[in-house]
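If you want the building blocks of each chain, they are given just below.
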Amino acid sequence: MRYKLLGKSGLRVSELCLGTMTFGETWGWGASLDESEKIFRRFSEAGGNFIDTSCNYTEGTSETFLGEFLGANRDSFVVATKYTLTKTTSTDPNSGGNSRKNMMRSVESSLRRLRTDYLDILYLHVWDYMTPVDEVLRGLDDLVRQGKTAYIAVSDTPAYIVAQANMLAELRGWAAFIGLQAPYSLNRRDIERELLPMAKHWGMGVMPWGVIGGGVLTGKYDETDDESPKRYDPARMTVRERTRAIIDAVKAVSEETGHSRAQVAINWVRQQQHQAQIVPIIGARTVAQLEDNLGVLAWTLTDAQLQRLSEASAIDLGFPHDFTPGNPYIYGATYDLIDKRP
Ligand SMILES: NC(=O)c1ccc[n+]([C@@H]2O[C@H](COP(=O)([O-])OP(=O)(O)OC[C@H]3O[C@@H](n4cnc5c(N)ncnc54)[C@H](OP(=O)(O)O)[C@@H]3O)[C@@H](O)[C@H]2O)c1
């Protein structure tokens, strides 16, 4: 395991982050306490220090398990949690969302479950399209000043909101977002349009989730003879034609390299560092899956393999990406610009 300075911060995180949405069986498809502990310990043994959870994962069980596993070693880990989400059955209008009220309440309960008095990273989990950006940023900055979180980051939020927030933070001397979380995989590349260029522009680390499409990219829903337990009910899963072509490319590269399909999918994401700084979040329901996924640290895809996978999964970036490059009305006649910015 190697380490990265996350975004523009001085925080040193392992090059893979451990996702803990699988810790606990409350949602019907996670890992028991015992298996979760094995996953956590194996990740730590491999040198992983970066752990991702949320106030709502498995209805709080994920944070509770993590609090137990961290124990006296809490300071050696970079613990990231999130606030925003509530229970779908809640009738309290303030129990979810991005408001300062929910933020403060949620952080206190996360700290209790995690058995710690500080977070390393607090994410805003999902943009609620209601709370003013300055209310959010000022609240998050207060939490940093109070020492309840060392850094702040943002997840599942439009690029224009994140950019406004970072500009506001810069102008007002508030803490700014050091990282971004969003879905990114061979099967889901839409963040290449706005969010990844935005993250690169602002020097934010990107922690992609769903890098193997919740398991779909391993082909386990595509092959009827695969009897292993799965997160989604196979009877209700429809694998689209486009996804099937991507799974085929993953299979082909897996056979060529002798590495698992999960590793191929993770490494494609891990090797998109030209798009932005990428620290993939690895999800595992069993320690065997984690072991497999950690295998990515030992190898990389060749340029030809990357190209094959990228071609099979290509998306249309659309406007303005297809409008500006090479436009003679912007750049004038051909000339040698030797100091070209990306
Ligand atoms: N910010 C957000 O909104 C957000 C959303 C989702 C997740 N996350 C974070 O990202 C983490 C990862 O997300 P994710 O679990 O959706 O992503 P994922 O890594 O695409 O999927 C993980 C699932 O794939 C299967 N799997 C894992 N390794 C495998 C392997 N080697 N071979 C075959 N199957 C394998 C397991 O499901 P089976 O049960 O099918 O075996 C596992 O639970 C979460 O734990 C969480 O921390 C964040």
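Above: the structure in question.
Residues numbered from 1 in each chain as written. Predicted model: local features only at pLDDT ≥ 70, side-chain atom pairs only at ≥ 80, totals over all residues. Heavy atoms only, no water.

A. Spatial organisation of the pairing of strand β6 (residues 119–124). Where burial is concerned, most of β6 is hidden: 6 out of the 6 residues are buried. Sheet topology note: the strand β5 (residues 78–83)/β6 ladder contains 4 bridges and is parallel. Residue pairing for β6: Ala80 is matched across the bridge by Ile121. Bridge count for β6 against strand β7 (residues 149–155) is 5 bridges, and the pairing is parallel. Residue pairing across strands places Tyr123 opposite Ala153, the latter belonging to β7. In this fold, β6 hands off to helix α4 (residues 133–145), which returns the chain to β7; that crossover is right-handed. (Buried < 20%, exposed > 50% of the residue type's maximum accessible area, 1.4 Å probe, protein only. Helix = DSSP H or I, 4+ residues; strand = E, 2+ residues; numbered from the N terminus. Pairing = 2+ DSSP bridges. Right-handed = clockwise from strand over helix to strand, strands pointing away.)

B. Structural context of the site of the ligand. In the vicinity of the ligand, 31 residues are found, and the nearest of them are Asp52, Asp156, Arg231, Arg285 and Gln289. Contacts to the ligand include Met21, whose backbone N or O atom sits 3.0 Å from an oxygen atom. In this structure, an oxygen atom belonging to the ligand sits 3.4 Å away from a main-chain N or O atom of Val211. Bound to the protein, the ligand loses 94% of the 910 Å² it would expose on its own. With 3 residues, helix α9 (residues 287–294) is the largest single contributor of residues to the shell around the ligand. (Near = heavy atom within 4 Å. Polar contact = N/O pair within 3.5 Å; in protein donor to acceptor, adjacent residues only side chain to side chain. Areas by Shrake-Rupley, 256 points an atom, 1.4 Å probe, with all protein chains shown as cover.)

C. Region of the structure containing the side chain of His125. Within the element layout of this structure, His125 appears in the loop between β6 and α4. Among the residues examined, His125 registers a relative accessible area of 6% and is labelled buried. Contact partners of His125, with chain neighbours within four places excluded, come to Ser54, Asn56, Tyr57, Lys82, Tyr83, Thr84, Leu85, Ser155 and Asp156. (Contact = heavy atoms within 4.5 Å.)

D. Structural context of the sheet that holds β6. Spatially, β10-β9-β8-β7-β6-β5-β4-β3-β11 is the arrangement adopted by the 9 strands of the open sheet, whose pairing is parallel. Bordering the open sheet on either side are β10 (277–278) and β11 (281–282), each of which pairs with just one other strand. As judged from the 5 bridges shared by strand β8 (residues 177–183) and strand β9 (residues 205–209), these two strands associate in the parallel manner. When the bridges of β9 are listed, Ala182 appears paired with Pro208. Where helix α6 (residues 195–202) meets the sheet, it contacts β8, β9 and β10, and its direction lies at approximately 165° from that of β8. (Axes fitted to C-alpha atoms, helices over the stretch in contact; angles between N-to-C directions.)

E. Up close: empty space enclosed by the protein. In total, this model carries 1 cavity of 30 Å³ or more according to the counting rule given. In this structure, the largest cavity encloses a volume near 40 Å³. Around the largest cavity, the lining residues are Leu124, Trp127, Val133, Val136, Leu137, Val154, Thr157, Ile161, Ala165 and Phe177. Contributing elements (two or more residues each) for the lining of the largest cavity: α4 and α5 (159–172). The greatest single-element share of the lining of the largest cavity, amounting to 3 residues, is contributed by α4. (1 Å grid on protein atoms, 1.4 Å probe; cavity = no way out; pocket = protein on both sides within 12 Å on 5 of 7 lines; lining within 4 Å. Points joined across faces, edges and corners; volume = space filled by probe spheres on them.)

F. The pattern of salt bridges, seen in detail. One pass over the full model with this rule turns up 18 salt bridges. Close ionic contact of Glu192 with Arg189 constitutes a salt bridge, the shortest N to O distance being 2.8 Å. Judged on exposure class, the residue Glu192 and its partner Arg189 are both buried. A salt bridge links Asp222 to Arg244; the shortest N-O distance between them is 3.0 Å. Of this pair, Asp222 sits in the loop between β9 and α7 (241–257) while Arg244 is found in helix α7, placing the two residues 22 residues apart along the sequence. Given the relative accessible area of 30%, Arg244 is considered partly exposed. Members of the salt-bridge network, linked through shared partners, are Arg2, Glu15 and Arg270. (Salt bridge = Lys/Arg side-chain N within 4 Å of Asp/Glu carboxyl O.)

Shape descriptors only; they carry no functional weight alone.
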